[in-house]
Structure formats: C-alpha cells, structure tokens
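Given next are the chains, with one letter for each unit.
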Amino acid sequence: MTAAAARAIAPEAALTADERTRILAKSALFDPPTLQLADGRRDLVGLSRDELIAEMAAINEAPFRARQLWHWIYHQGATDFAAMSTIARPTQAKLAERFVVGRPEAAVVQTSTDDTRKFLFRFRDGQEAETVYIPDPVEDRGAVCLSSQVGCTLSCRFCHTGTQRLTRNLGAAEIVGQFMAARDSYGEWPSPKGETPRLLSTVVLMGMGEPLYNYANVAKAMTIVMDNEGIGLSRRRITLSTSGVVPMMDRAGAELGVNLAVSLHAVRDDLRDELVPLNRKYPIAELIAACRRYPGASNARRITFEYVMLKGVNDSVAEARELVRLIAGIPAKVNLIPFNPWPGSAYETSTASAIARFAAVVMDAGFSSPVRTPRGRDILAACGQLRTVGKQAAAG
Ligand code: SAH
Ligand code: SF4
C-alpha cells in the first residue's frame, strides 16, 4: 500500500505532528514585518487580548486598560486615542506616544457597476494585497473577501494569483486590517450588535493566497474578528477556502470552527494533479476524508465545494456524476464558478448549457449547486483575477 493510501484509510493517525511542523516552519520563512513603525511606535491592531494586556503591563497600565482599548479599536473602530473618551486625557497622550491604531493604506479603490468594491491595500513595507467587498444584490448585507498572502506558493493553472510567486504572508494585523479598512469605507462603525443585518456581514477567506499555508496569522486574525466585545462576527459568518491542505483542515476545524470551502475543481487525481498541483501531495481521497471528518458540518452548516467550470476540461456530465458519488453523504453544497479569464490564461469558460447540465446532475443528487455569478468583472474583482490590473500597471 502506498503511504497516501494508508493515510486515506487511517487519516487522523498518520497525518499530524510532522507535517504540521513542516508547514508551520515553512510559513515562518515568509513572516510579515514587525508591528513597529519607523518612529518606534507600535501598532496595537492584530495583537491578541493577552498581548494587548502585556503591552499595557509594560507601561504600568492595568488589564482593564487593554479591555477599554479593545472596545475602542474593535467595537467603535476608533483610530485616534484622543477620541477614546472613557480614557483620561493624560493616558490618551501616553498611549499616543507609544502606540498607533493602524490601517493598511487604500492605494486604489474601485467600485464596479454592480457595486462590488475592490481595494488594493498597501502595507507598511510597500507590499500590496487586494480585498473585495461583494454586496448582496437584494439585501443590506455582503461578503468581505480577504487576502491571506501576497502571492501564493501553489500554482493552480487557472488562477492568476498562482502565477505570482509568494512574496510573503500577511500578518494578523494586515488580515484584520483589511476588514477594518473596508468597514471604514462604508462607515459601518461601531460594530453592529447581535443579528442585525449589516453591510459587511460575512468574511470569506478567498482572496489572494492559501489561508492554511499562513495558518497562525489567519487564526489570530479570525479570533479577533470573532471576539464578542469587538467586531463580533460569529464563526458561522466566516468561510475559509482552501485548495486542500489536509493536515491544517483538521486543525482549523478544531480550533476555529469556521465554515469550510474546498476548491475541488476536478474529480480524478490525474486532472486535479494538473489543475491544483497540491493534489499530488494530498490527493482527492485524502481531501474528501478530511471533509468527512470536518467538525460541525451539518445540513445547517454545509461544506462548500468550489468547482471552477473550464470548457471541455472538467465540465462533462460524467464528471458531474462522479462528483456526486465522491461527496455522497457529506452535508455539502457545490458552488459552480464560471472560469474568470485573465490576460494570458489558458482556459475558456464553460458554456451556459454545459454549466446547466452539470448543475442539474448535482441538484438531482440532492445538493444545492448555485452557479456563482461573476461579480465586479469590469474591475477585475472576480475570483482568481485579483491584482491583475496592478501587475499590468507595474509591468507597464
Ligand atoms: N487559495 C484558496 C483561496 C483563494 S482562491 C483556494 O484556492 O481555495 C478562491 C477561489 O477562487 C478558489 O476556489 C479558486 O480555485 C477560485 N479561482 C481561482 N482562479 C479562478 C478563476 N480564474 N476563475 C474562477 N475561479 C477561480
Ligand atoms: Fe493559490 Fe488558491 Fe490560486 Fe491555487 S487557487 S494558486 S491555492 S490562491
């Protein structure tokens, strides 16, 4: 039996410590810059609660100061210590000497004819990543699509980010900062409480990069986003999309419990090896096994399988049948994503009738299979197109 086959049969047993250690060590090579500014002040955004308490202790401030700051930073959205009215003036000044409440700089903001808004955020070291806000066409709510890395180490054949080498991981401050800066743009502070509909109502980790190859920073950022005394988005409103980093899926499920989306795109290993080269490391059987054991999956909380529709490549009725056989018994839905072309891409979008035939097979098997309408195409904000324009401008 091959090692891969053995793991598919006894996944939890074989997959753990070694591989996790290797993945975490590899991601540390691409660490983001420190939170220290050139003038010596430190950014408070992105610190965990405990780290914030420790920062306060270091300047002889009690833990309740950290709690006040948390409220001002993440609930009120304040960036200026002088606006933090529950903190005495002299303390405000003391804080302002040593700290800042940072935001990534919005280098470019474009709003599509369909109201999708794309932000190119520039971080302190000049690196850039994109964030997209996708409003619901009908209701007052929408998804914020966050990037987790600048570039990506993986090189999925149909994805524009995959053509850009990994420059570095984004830090927790930069990941949560994308959300906060997008909120600034819509003036949606203070954080709406409870289940009231809000404009920026869900987070999807589907921008640039593979979130599970930057797990530590993504997890820290999501822990901040989920904190009830701050932004307060529940884990049900957060979806993490992965190309299938199997050992880290278990960890994300156990520690974060967010919704899972899996970029499947093919139902046979030979084709998936080509489209999503990570498949050579974690083949389909292992990936599906990891989905089957993902905690908290239920009919109310389904796993999303993403399937990019590539004309003549993966869009046959036979493949749709194989897909439903593969995911049988998993509480799942299948998002069919018409391929979004980018300059130089080698594929074409499936025809509308091919997509409809594929969707019908999936639906007949009892899975919801929405076809994801591309949003923000005019500003290249759709899946897999991020940073295309920026790159072209840089090249030109
Ligand atoms: N790295 C993660 C998350 C970012 S990509 C992942 O791969 O899941 C978010 C989704 O967009 C993935 O399902 C990805 O496969 C899809 N995607 C990438 N390029 C695309 C393109 N050109 N057209 C349509 N979908 C694309
Ligand atoms: Fe990276 Fe996801 Fe693009 Fe693949 S699809 S290259 S994993 S960002």
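Residues numbered from 1 in each chain as written. Chains lettered and ligands numbered in written order. Predicted model: local features only at pLDDT ≥ 70, side-chain atom pairs only at ≥ 80, totals over all residues. Heavy atoms only, no water.

(A) View of the packing of helix 4 (residues 49-58) against helix 5 (residues 63-76). At a minimum axis distance of 8 Å, the contact between helix 4 and helix 5 shows a crossing angle of 125 degrees. With respect to each other, helix 4 and helix 5 are oriented oblique. In this structure, helix 4 meets helix 5 at a crossing whose hand is right-handed. Only Pro63, Arg65, Ala66, Arg67, Leu69 and Trp70 of helix 5 make contact with helix 4, whose side of the interface consists of Arg49, Leu52, Ile53 and Met56. Classifying every residue of the contact of helix 4 with helix 5 gives seven nonpolar, no polar and three charged. (Axes fitted to C-alpha atoms, helices over the stretch in contact; angles between N-to-C directions. Helix = DSSP H or I, 4+ residues; strand = E, 2+ residues; numbered from the N terminus. Parallel < 35°, antiparallel > 145°, perpendicular 65-115°, else oblique. Left-handed = near helix turned anticlockwise from the far one by under 90°. Contact = heavy atoms within 4.5 Å. Nonpolar A, V, L, I, M, F, W, Y, C, P; charged D, E, K, R; others polar.)

(B) Inspection of empty space enclosed by the protein at higher detail. Applying the stated criterion across every chain, the model contains three cavities of 30 Å³ or more. Arg22, Ile23, Lys26, Ser27, Phe30, Gln149, Thr153, Leu166, Asn169 and Tyr213 together form the lining of the second largest cavity. Sort the elements by how many residues they give to the lining of the second largest cavity and helix 3 (residues 17-28) lands first, with four residues. Residues belonging to the lining of the second largest cavity are distributed by class as follows: four nonpolar, four polar and two charged. (1 Å grid on protein atoms, 1.4 Å probe; cavity = no way out; pocket = protein on both sides within 12 Å on 5 of 7 lines; lining within 4 Å. Points joined across faces, edges and corners; volume = space filled by probe spheres on them.)

(C) Up close: the confidence of the model for the chain. Residues with a pLDDT of 70 or more make up 91% of the chain, whose mean pLDDT is 89. Taking the mean pLDDT of every element in the chain, the minimum, 39, falls on helix 14 (residues 388-395) and the maximum, 98, on helix 12 (residues 317-326). The low-confidence segment residues 388-396, where pLDDT is below 50, has six contacts with residues more than four positions distant or belonging to other chains. (pLDDT = per-residue confidence, 0-100.)

(D) Broad picture of the packing of aromatic side chains. Tallied over the full model, the rule gives five aromatic pairs. Both rings, one in Trp70 and one in Tyr74, keep their centres 4.6 Å apart while their planes meet at 55 degrees; by these two values the pair is tilted. Of this pair, Trp70 and Tyr74 both sit in helix 5, separated by four residues, roughly a single helical turn. The two residues Trp70 and Tyr74 agree in class, both being buried. (Phe/Tyr/Trp six-rings, centres within 6.5 Å; stacked < 30°, edge-to-face > 60°. Buried < 20%, exposed > 50% of the residue type's maximum accessible area, 1.4 Å probe, protein only.)

(E) Spatial organisation of the pairing of strand 13 (residues 332-338). Strand 13 sits mainly inside the fold: six of its seven residues count as buried. Where strand 12 (residues 303-309) meets strand 13, seven bridges bridge the pair, whose relative direction is parallel. Pairing of Phe305 across the sheet is with Val334, part of strand 13. Between the parallel elements strand 12 and strand 13, the chain passes through helix 12 in a crossover that is right-handed. (Pairing = 2+ DSSP bridges. Right-handed = clockwise from strand over helix to strand, strands pointing away.)

(F) A look at helix 4. Turning to helix 4, its buried residues number three or more, namely Leu52, Glu55 and Met56. Looking down the long axis of helix 4, one finds its buried residues gathered within 95 degrees of arc, a one-sided arrangement. Seen from the open side of helix 4, the exposed residues pointing more than 90 degrees away from its buried face are Asp50 and Ala58. As for helix 4, its buried residues are in contact with strand 1 (42-43), helix 5, helix 6 (89-98) and strand 2 (99-100). At the C-terminal side of helix 4, Asn60 shows a positive phi close to 60 degrees. (Arc of directions from axis to C-beta.)

(G) Layout of the nonpolar core. Ranked by size, the top nonpolar core spans 109 residues in total, and within it Leu69, Phe158, Met222, Phe305 and Ile327 carry the most contacts. If we skip the residues at most four places from it in the chain, Phe158 touches His265, Leu275, Val276, Val308, Leu310, Phe339, Trp342 and Tyr347. (Core = buried A, V, L, I, M, F, W, Y, C linked by side-chain atoms within 4.5 Å.)

(H) Seen up close, the sheet that holds strand 13. The strand order across the open sheet formed by nine strands is 3-4-5-6-9-10-11-12-13, and the pairing between neighbours is mixed. For this open sheet the edge positions go to strand 3 (105-111) and strand 13, each flanked by a neighbour on one side alone. Along the sheet, successive strands turn relative to each other by an average axial angle of 20 degrees, direction set aside. This element, helix 8 (residues 215-226), spans strand 9 (202-205) and strand 10 (238-242) of the sheet and lies at about 165 degrees to strand 10. With respect to the sheet, helix 13 (residues 352-364) is in contact with strand 12 and strand 13, its orientation differing from that of strand 13 by roughly 180 degrees.

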